[in-house]
Each structure stands twice: as C-alpha cells, then as structure tokens.
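Architecture and fold: a report
The residues making up each chain are set out below.
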Amino acid sequence: MARTVTDAATAPATLITIPLSHYCEKARWALDRVALPYREEPHIPLLHRLATRRDERGTVPVLVHGGRRFADSTDILVHADAVRGGGLLYPREAALRGEVEALEELFDTQLGPHTRRWGYAQVLPEAKLIRSVWSSGVPRFEALLLPAITPLACRLVRMAYKVTPESAQRSLERVRGVFAQVDERLRGGRRFLVGERFTAADLTFAALAAPVLLPAECRAAAPALEAVPAAMREEILRLRDTDAGQFALRLFAQERGHAA
Ligand SMILES: N[C@@H](CCC(=O)N[C@@H](CS)C(=O)NCC(=O)O)C(=O)O
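Keep in mind it's a predicted model, so treat the numbers as computed, not measured.

Cut-offs applied
The numbering scheme is per chain: residues are counted from 1 as the chain's sequence reads. pLDDT decides what is reported in this predicted model: residues at 70 or higher carry local features, side-chain atom pairs at 80 or more are listed and counted, and totals for whole chains, interfaces and linings draw on all residues regardless. Just so you know, side-chain values use all the structure's heavy atoms and leave hydrogens and water out. We count a stretch as a helix when DSSP gives it H or I for four or more residues in a row; a strand needs E for two or more, and each element gets its number in order from the N terminus. Within these notes, the globule rule equals 2.2 Å times the number of residues to the 0.38 power, and the radius of gyration is based on C-alpha atoms. For each residue, the accessible area found with a 1.4 Å probe, counting protein chains only, is set against the maximum for its type, and the residue is called buried under 20%, exposed over 50%, and partly exposed in between. Note on contacts: a residue pair qualifies if any of its non-hydrogen atoms lie within 4.5 Å across the two residues. The protein chains shown are the only cover counted for residues, whose accessible areas, like all others here, come from Shrake-Rupley with a 1.4 Å probe. Pairing of aromatic side chains here covers Phe, Tyr and the six-membered ring of Trp, requires ring centres within 6.5 Å, and sorts the geometry by plane angle: under 30 degrees stacked, over 60 edge-to-face, intermediate tilted. A ring is considered to have a charge above it if a Lys NZ or an Arg CZ atom is located within 6 Å of its centre and within 35 degrees of its normal. Any residue with a non-hydrogen atom lying within 4 Å of a molecule or strand is treated as near it. Identification of polar contacts relies on pairs of N or O atoms within 3.5 Å, with a donor-acceptor requirement for protein atoms, meaning one able to donate a hydrogen and the other able to accept it, and with residues adjacent in sequence counted only if both atoms are side-chain atoms. By convention here, the domain bounds are inherited from an automatic or database domain assignment. Here the quantity called buried area is the accessible surface, traced with a 1.4 Å probe, that two parts lose on coming together, added over both. One speaks of a salt bridge when a side-chain nitrogen belonging to Lys or Arg is within 4 Å of a carboxyl oxygen belonging to Asp or Glu. For two strands to be treated as a pair, DSSP must find at least two bridges joining them. With the strands aimed away from the viewer, a crossover counts as right-handed if its path from the first strand over the helix to the second runs clockwise. Nonpolar side chains (Val, Leu, Ile, Met, Phe, Trp, Tyr) are joined into patches within 5 Å and like charges within 9 Å, using only residues with over 30% relative accessible area and no salt bridge.

**So, the overall build of the chain**
When its secondary structure is counted, the chain shows twelve helices and four strands. For the chain, the C-alpha radius of gyration of 18 Å lies close to 18 Å, the compact-globule estimate for 260 residues. Counting only C-alpha atoms and orienting by the principal axes, one finds that the chain spans roughly 50 × 50 × 30 Å. Evaluated residue by residue, the chain yields a buried proportion of 52% over its 260 residues. Sequence separation of at least 24 residues holds for 72% of the intrachain contacts in the chain that already meet a minimum separation of 6. Of the roughly 12,200 Å² of accessible surface on the chain, a fraction of 55% belongs to carbon and sulfur atoms.

**Focus: the packing of aromatic side chains**
The final tally for this structure, using the stated rule, is eight aromatic pairs. By the ring-pair criterion, three or more aromatic residues cluster together here, those being Trp29, Phe192, Phe198 and Phe252. Across from the ring centre of Tyr161, 3.9 Å away, lies the NZ or CZ of Arg116, which sits over that ring.

**Some words on the site of the ligand**
Close contacts around the ligand come from Ser21, Tyr23, His48, Arg49, Gly58, Thr59, Val60, Pro61, Asp72, Ser73, Arg116 and Tyr161, and that covers them all. Between an oxygen atom of the ligand and a side-chain N or O atom of Arg116, the distance comes to 2.9 Å. The protein chains hide 82% of the 510 Å² of surface that the ligand would expose on its own.

**Some remarks on helix α10 (residues 200-209)**
α10 sits mainly inside the fold: ten of its ten residues count as buried. Among the residues making up α10, those that are buried are Ala200, Ala201, Asp202, Leu203, Thr204, Phe205, Ala206, Ala207, Leu208 and Ala209. Residues of α10 that are buried sit in contact with α2 (22-33), α4 (73-83), α5 (94-110), α6 (112-123), α9 (165-186) and α12 (243-255).

**Re the domain arrangement of the chain**
For the chain, the assigned domains read domain 1 (12-83) and domain 2 (94-255). Relative placement of domain 1 and domain 2: their C-alpha centres are 18 Å apart. The interface of domain 1 with domain 2 comprises 23 residues on the first partner and 38 residues on the second. Summing the contributions of domain 1 and of domain 2, the shared interface buries around 2,500 Å²; its carbon and sulfur component is 68%. The largest per-residue losses of area from domain 1 upon contact with domain 2 belong to Leu20, His22 and Trp29, which jointly make up 28% of the total buried on that side. Inspection of the region where domain 1 meets domain 2 yields four salt bridges.

**Side note on the environment of Arg68**
Among the secondary structure elements, Arg68 is positioned in strand β4 (residues 68-70). Residues Arg68 and Leu146 lie 78 residues apart in sequence; the distance between their C-alpha atoms is 30 Å. Residue contacts for Arg68: discarding those within four places in its chain leaves Leu63 and His79.

**So, the pairing of strand β2 (residues 38-42)**
Here strand β1 (residues 13-17) runs beside β2; their pairing, made up of five bridges, is parallel. When the bridges of β2 are listed, Leu15 appears paired with Glu40. Regarding the hand of the β-α-β motif, the stretch spanning β1, α2 and β2 is right-handed.

**Some remarks on a nonpolar patch on the surface**
A cluster of nonpolar side chains, Leu152, Leu156 and Met159, forms an exposed patch at the surface whose accessible area comes to about 290 Å². Note on placement: Met159 falls in helix α8 (residues 140-160).

Structural data, given as structure tokens:
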C-alpha cells in the first residue's frame, strides 16, 4: 500500500552534517520550518565521508527519510515541503514557484561557494578557532581525533575550495555583487524576495550569507564576531550594514525560530 503524506511526515529523519556548513544550515532551517522531526548526525570534515560514502557526491547535508536519501540541500527543501503537504517553502502558484527556484539556484551557485571561500580564507589560519567550530556537537571520538586531523583537513579545504588570498578577494567581490542584486530586488520596501511570504528563496539567501554576517540566530556552528580576526570583523560589519545584510539578519531574527 502506498505511504500517505502523514506516514512519511512522521517517519524519523536523520540529517547528516558538518556543523559549520551553511548548506547544512539551509537544510536544518527548512526542516525546522516545516516542523519535520529529525535527528542531526554531525561529523568533523573528512570523517563525514564515511557517513556519505554511498552518496554520489559525498557532500553534506544528506537527509535520510522514509528509506530515501536526499544528498543535496535543494532536494532536501523540495522533499521537506512536499512531505508536509506543499506550499510552505515553495509557492503553489507556478510563476511564483519558478521565481523562487531561480533565486535558490542563483544563491546556491553564486553566493554559497563564495561566502564559504572568503570565510575559510579568514579562519583557516586560526587553528584554535577552526578546531572549535569543526568539533561543535560531533561524537566524542571524532572531537578527540580532530587535533590530529586538522592540518590535513585544512590543506584539503584549501585545495578543494581553491582558497588563496587572491581568490578570497575575488569571492568577496562576487558576494558584494549578489548582495547588490538583492538590494535592488528589495528596493521599494518589499519584505520578501518573492511574493508576500517567506519562501525557500529568502531561506537560501540568509543561510548561505551567514558566513559573511555571523547572525546570532544561525544554528550552524560559527565563531563569535568578537573571536574572528579584526579584518574579517570589519568586513562583516560593512556587509551587515547593506540592505541585503539587514534583510538576512531580519530573516534570522524573525523567521529562524518560526515553524510554519
Ligand atoms: N550543492 C550542494 C553543496 C553542498 C556542499 O558543498 N557541502 C560542503 C559543505 S558546505 C561539503 O560537503 N564539503 C565537504 C565535501 O565536499 O566532502 C548542496 O546544496 O547540498
């Protein structure tokens, strides 16, 4: 017999994460938003690959739910929305849904990789800081292994995300470019990016902007603003001061704790 939406909605879910990851925060926020119960399974970088070895890309987040695996944050949002009956993260109206999907894709590809690269460029030289965010909430034996793994993990992160001082500067320009597009879209005082309600477009923008804003309500593991190097702090304060930055901070303050 086919499973009903209600069966699927109440089946226990597991979200595999790296606690620092902003794509994981995007998925976590969506599950919280639609009130889909889940258990988070956080891992340190490298060991996350053991948990994601059966997924083609091996990245996090991965949602395991109702016997299925969703190994991409957008797939997780689409599933979370559908399993709760639809209309919570994506508008039911086709044209509006198309706009949300286009913005989500823009932020996934043009914002997330660049906030991550810039953020890593600032914190990778700070060994103590990076260890504290990578170990947040992970199983005890992984936390104990982390000091030994950190030098290799830092090298791999630099290679995988092509982190150099020059690329970080270029990424910051790309972030400013996306922020300018969001500023433009918000002109005229609109409260959300699409239509009159909070959607996956707003959620994705705010979650993927988190590494350059460090919002207090973000549930990804992140350093405190006071703990980051001074140059990073100054740039964060400048980005917070833009319309797009203010918008993302408002979404975290008003919408992060709110279940639909
Ligand atoms: N398009 C993917 C991107 C996910 C992604 O890049 N995840 C990073 C963490 S932010 C990751 O898993 N990195 C470790 C790896 O590649 O093994 C999504 O939206 O889920």
